[in-house]
Amino acid sequence: QVQLVESGGGLVQPGGSLRLSCAASGSIASINAMAWYRQAPGKEREMAATIINDGSTHYADSVRGRFTISRDSAKNTVFLQMDSLRPEDTAVYYCYVNYNKGNTKWGQGTQVTVSS
């Protein structure tokens, strides 16, 4: 069994910052990739940022330059630093991990609300 524990969501004013964390634990021999997806009300879930096991990162066009994904490999933890937040960033943010031989796991989601 693999567990993902997310933290760091909340309410922030436009232009503010938040940092999300996601710690993976359990039967993990190796992590291939970790990512943050988000789903706004009435919209499909979309990838916001991904970090691959070689350290390379990928971002959605809508967040590039404002969000930074990073990881602590020793702790199987991924972070998402979100700066210059906008109301359109409001969504439930989900952690995602691809591990071992292609197994996948989703976190429970954490709400991020950007509003004045």
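**Examining the environment of Thr68**
Next up, step 1: Within the element layout of this structure, Thr68 appears in strand β7 (residues 67-72).
Next up, step 2: Judged by its relative accessible area of 43%, Thr68 falls in the partly exposed class.
Next up, step 3: Once the C-alpha coordinates of Thr68 and Thr50 are considered, the two residues, 18 residues apart in sequence, prove to be 9.6 Å apart.
Next up, step 4: Aside from chain neighbours lying at most four places away, what touches Thr68 is Tyr59, Phe79, Leu80 and Gln81.

**A look at the sheet that holds strand β1 (residues 2-7)**
Next up, step 1: On the basis of which strands lie adjacent, the open sheet formed by 4 strands has the order β1-β3-β8-β7 and antiparallel pairing. The sheet is open, and its two borders are formed by β1 and β7, each paired with just one other strand. Taken over all neighbouring pairs, the strand axes of this sheet differ in orientation by 15° on average, direction set aside.
Next up, step 2: The sheet contact formed by β1 and strand β3 (residues 18-26) spans 6 bridges and is antiparallel. Bridge pairing in β3 links Val5 to Ala23.

**Regarding the environment of Ser56**
Next up, step 1: As for its placement among the helices and strands, Ser56 is situated in the loop between β5 (46-52) and β6 (57-59).
Next up, step 2: Under the relative-accessibility criterion, Ser56 is labelled partly exposed at 27%.
Next up, step 3: For Ser56 and Arg38, which are 18 residues apart along the polypeptide, the C-alpha to C-alpha distance reads 20 Å.
Next up, step 4: When sequence neighbours within four positions are dropped, the list of residues in contact with Ser56 reads Thr50 and Ile51.

Reading the values: rules and limits
- Residues numbered from 1 in each chain as written.
- Predicted model: local features only at pLDDT ≥ 70, side-chain atom pairs only at ≥ 80, totals over all residues.
- Heavy atoms only, no water.
- Helix = DSSP H or I, 4+ residues; strand = E, 2+ residues; numbered from the N terminus.
- Buried < 20%, exposed > 50% of the residue type's maximum accessible area, 1.4 Å probe, protein only.
- Contact = heavy atoms within 4.5 Å.
- Pairing = 2+ DSSP bridges.
- Axes fitted to C-alpha atoms, helices over the stretch in contact; angles between N-to-C directions.

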